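Notes for the structure review
If you want the building blocks of each chain, they are given just below.
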Amino acid sequence: MLNKIKRKLLIVFSIMIIVCSIPQIINAETTHNVSDATEFLNAVSAINTNAGNHVISLQEDIDLLTVTEAIEFLQGNTTILGNGNKIFNIKGFIVENFGTTLTLGNQAGNTLLIDGSYLGDNPKSLFDLFTNCELNMYEGVTISGRIRDDSSSEGVVISVGRSTFNMYGGSIKDCSHQNAVFSIHPMIRVYNNGEFNMSGGEITNNTVLCNSTSSGTYIYSAAIYVSTSTINLTGGSITKNKIIFSSSEPYGYGAAICAFDSTLKISNMEIKENEISGGNNGRGGAIYARNTNIEIKNSVITRNNVKLSDNIGEGGGIYAEESNLEIYNSLVAFNFASDGAADIYFYSHSGRKLYLPTADAMNLKQATPYTVTITGWYKDAVLDRWNLSDPKAFTPLKNESLSNENWLIAGYADSLYITYDSNGGNKTVYDCGIFSLATIKSAASLGISKEGYDFVSWNASADGDGTTYEVNETLTISEPITLYAQWKPSPVNPETGDIVNPTVFITLMLLSGVGLIVITKKAKKQDNK
């Protein structure tokens, strides 16, 4: 009987081991260490033959110049780890078929350089995604130097059709299209129900050059173009991307993002210093959108511009037509457009929404200390430009049905600030947005403290020999000033009696209790005799 029980327990234990091992077997990775192009191609061939989880681990730089066709990943989940090495002379990579995943780098930040320069003929998109597949990119991965000059409408770096690109970090930079002649030549193209999710990293310093002299040439974005698709931007930056025209005839739309018939959600992003220059008409230095739902939260869109010397440049920050545009707790200011709507151009028929952030919300997003304070939204029309000396009042609108054109600028005025220096304490705080009069604030209200000290007052000198300023005092200033916290040692609480060690006290109490129990038991025994 005992042996039967042992056998049954052994069987149960064996089954448990097998069941627990199944996930490890399923998720087992096959690692391919590669040092040259042949080994790289052999690894891809093995992946396309045997689906599963694979890692291509670079042991050396990989030159793919001898590979004259795009390299296809047809199945499985593949991760490419650079280990500090690079891949270069790439015709292109194609990721296709349902469920195929290609991942560049890993969460640990393994470094990989995808050098886009190509010495062969007719380079393709570096990565072309088709039919429900996925491309992931992590911090530590850099894609740079891709140059195209053909008439294709693919993305210069990445094309995403009915698939997903997740950018968790890394950099896409210094890429360009050198001879754009048709409409779509961005670095990243998302189309046909594709999806682009960016939660970190940067897309920066990419350029689309157009030498066309035709007024029928339209160039859509230098960084991201999206149509009938979804973009979720929740972290990172899109900066210094440019559409540059050599003649005054073509049109340019959305240097950072151009969206048609799509959904665009932006939060915790920095979109700045993107530019459209030259051409006949520039719309959206940062963002152009048509028939698109746009939601912007906790982001900064600034110093983007549409610079056209002789023609029409509008919407230095955002140009939205027939679109919903809702902006919350974000800074959309200090953009430039040569002909009007320095920050936002909005045009819509009934049913579309425009919601603008308040001046206070935008000032909270400014980097401190700042010397200009946003005062509100104003009209900034083509023939009626806003300026500091003659602001045109504009009332912010929330969820209203709008029609016709709205040229908008976040107006501002020169201002001053006070620097509250903790003078050996925990931090320095800037009180910005002051025009002449200021009320002196307490250290506690600013979150300033110094361990072991109590706050006394503020002083114009760190050593306390300057002018003293008391909390709630009104101060007139004509230039930025610094006030230094003055401190005195915190008083030591006086001792009111003997200090009893709590451990000793507890021990004595326990011993007393034990003694009481012993005495009680002895007394009972005496009574029972």
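Described in the following lines is the structure provided in the data block. Residue positions are given per chain, counting from 1 as you read along its sequence in written order. At least 70 in pLDDT is required for a residue's local features to be given in this predicted model, at least 80 for side-chain atom pairs to be given and counted, and no such filter applies to totals for whole chains, interfaces and linings, which use all residues. With hydrogens and water stripped out, all remaining heavy atoms of the structure feed into the side-chain values.

1. Thoughts on the sheet that holds strand β32 (residues 281-283)
With parallel pairing, the four strands of this open sheet are ordered in space as β22-β27-β32-β37. Sheet topology places β22 (218-220) and β37 (312-314) at the edges, where each strand pairs with a single neighbour. Within the sheet, the average angular offset between the axes of one strand and its neighbour, ignoring direction, is 10°. The rule for pairing is simple: two strands pair if DSSP sees at least two bridges between them. Strands are runs of DSSP state E lasting at least 2 residues, helices are runs of H or I lasting at least 4, and numbering of each runs from the N terminus. In terms of strand pairing, β22 meets strand β27 (residues 251-253) through three bridges, oriented parallel. Along β27, the bridge assignment pairs Y220 with Y253. In this analysis an axis means a line fitted to C-alpha atoms, helices contributing only their contacting stretch, and an angle means the value between N-to-C directions, from 0 to 180 degrees.

2. Observations regarding the side chain of S144
By secondary structure assignment, the location of S144 is in strand β12 (residues 141-144). Contacts were defined at the residue level, with two residues in contact if any of their heavy atoms lie within 4.5 Å. Sequence-distant contacts of S144, defined by excluding residues within four places in its chain, comprise L113, I114, D115, G116, S117, K173 and C175.

3. Re unusual backbone geometry
Excluding glycine, residues mostly have negative phi values, and the peptide bonds linking residues are mostly trans. A cis amide bond links T368 with the next residue in sequence, P369, at an omega value of -5°. Structurally, P369 can be placed in the loop between α3 (359-364) and β44 (372-379). Of note in the backbone geometry, F334 takes a positive phi value of approximately 65° without being a glycine. Within the secondary structure, F334 sits in the loop between β40 (331-333) and β41 (336-337). One non-glycine residue, N472, lies in positive phi territory at about 75°. Looking at where N472 falls in the secondary structure, it is placed in the loop between β50 (468-469) and β51 (474-476).

4. Quick look at the pairing of β12
Here strand β9 (residues 112-115) pairs with β12 via four bridges, running parallel. Of the residues in β12, the one forming a bridge with L112 is V141. Pairing of β12 with strand β16 (residues 171-173), which is carried by three bridges, proceeds in the parallel orientation. Paired with I143 across the strands is I172, a residue of β16.

None of this, on its own, says anything about what the molecule does.
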